[in-house]
Amino acid sequence: EGKLAALSAEAGGAQAGARLPLSRPLLPAGFAIHGSKSATEGLDVTGAAVLFAFRAIADSDWVLVAQVDQMEAYAPLRRLVVQLLLSLGAGLALLGSAAAFLWREHVTGRLAARLEAEHARAGVAERLAGLMRRANDLILVFDRDFRIVDFNARVLETYGYSPDELRAMRLWELRADGKETESRANMVRAIESPGTVIEVVHRRKDGSTLPVEFSGGLVQSENGDSMIVARDISERRGQERSIRRLS
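(A) Geometry of the environment of Val197. Mapping Val197 onto the fold places it in the loop between helix 6 (180-192) and strand 6 (198-203). For the pair Val197 and Glu213, spaced 16 residues apart in sequence, the C-alpha to C-alpha distance is 6.5 Å.

Here it is, written out as structure tokens:
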């Protein structure tokens, strides 16, 4: 390309019909006279890049040279390349749009499924909260460290603690004897043997005690919290004592 540019500049300003030496590089007539058959590109007398072909005329010293401007010759090819590039660009754009649409559909579907699951969980949580509020039993929710995290109104009425006081307590602090080890063991036994009835004595805030029992095991939540359902059996214990006295 550098050689072509230099020779083109050298021939610049020449007019058609001007005489140039046949030894001049890339001159089509020079290739034809010297019998070269390998070159098809050269520079005409004006320095313009051309494509050429030549053939010797039989029974004469003449050589016929035919040439065409490279810009003109390559114009259809350039148009074809541009069209191909445009078609390729349009195809890639269409493919990208389809991929983006499918991805949006996929993400939308996942979001819809997640939203539906969230609504279902919210419905379950709401029903559970309603059951907790209306239940006559003592319902306590605690975390993995046995810290009390939630409870129903019955617990507040029975124990006399404020909500903040209860949330600062662990389960064994409700026991009259405060035995942590035994309380943990009871929880493990309830988990491993659902339906086991466990009786303990709890202490209210005012210092009075009450016997309670819990059964049915523990129900795990998504956050790792557990729920225990207990029952104040003070009345039942009083009835049992009355029966024993009457007997």
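(B) Expanded view of the pattern of salt bridges. By the definition in use, this model includes 10 salt bridges. Of the charged contacts in the structure, one is a salt bridge between Lys205 and Glu165, with a shortest N-O distance of 3.0 Å. Of this pair, Lys205 sits in the loop between strand 6 and strand 7 (209-214) while Glu165 sits in helix 5 (residues 163-167), and the two are 40 residues apart along the sequence. Residue classification places Glu165 among the partly exposed positions, given a relative accessible area of 30%. Connected via shared salt-bridge partners are Glu199, Glu213, Arg236, Arg237 and Glu240.

(C) Focus on the packing of aromatic side chains. Counted by the stated rule, this structure contains 2 aromatic pairs. Residues Phe142 and Phe146 carry aromatic rings whose centres are separated by 5.7 Å and whose planes lie at 10° to one another, so their mutual orientation is stacked. Taking the centre distance of 6.2 Å and the plane angle of 50° together, the rings of Phe146 and Trp172 count as tilted. In this pair, Phe146 sits in the loop between strand 4 (138-142) and strand 5 (148-151) while Trp172 sits in the loop between helix 5 and helix 6, placing the two residues 26 residues apart along the sequence. A relative accessible area of 10% places Trp172 in the buried class. Taken together, the ring pairs connect Phe142, Phe146 and Trp172 into an aromatic cluster.

(D) A look at the sheet that holds strand 2 (residues 49-56). In spatial order, the strands read 1-2-3; together these 3 strands make up an open sheet with antiparallel pairing. Each of the sheet's edge strands pairs with one partner strand only, and the pair in question is strand 1 (41-43) and strand 3 (63-69). Ignoring which end each strand starts from, the neighbouring axes of this sheet average 45° apart.

Rules behind the numbers
Residues numbered from 1 in each chain as written. Predicted model: local features only at pLDDT ≥ 70, side-chain atom pairs only at ≥ 80, totals over all residues. Heavy atoms only, no water. Helix = DSSP H or I, 4+ residues; strand = E, 2+ residues; numbered from the N terminus. Salt bridge = Lys/Arg side-chain N within 4 Å of Asp/Glu carboxyl O. Buried < 20%, exposed > 50% of the residue type's maximum accessible area, 1.4 Å probe, protein only. Phe/Tyr/Trp six-rings, centres within 6.5 Å; stacked < 30°, edge-to-face > 60°. Pairing = 2+ DSSP bridges. Axes fitted to C-alpha atoms, helices over the stretch in contact; angles between N-to-C directions.

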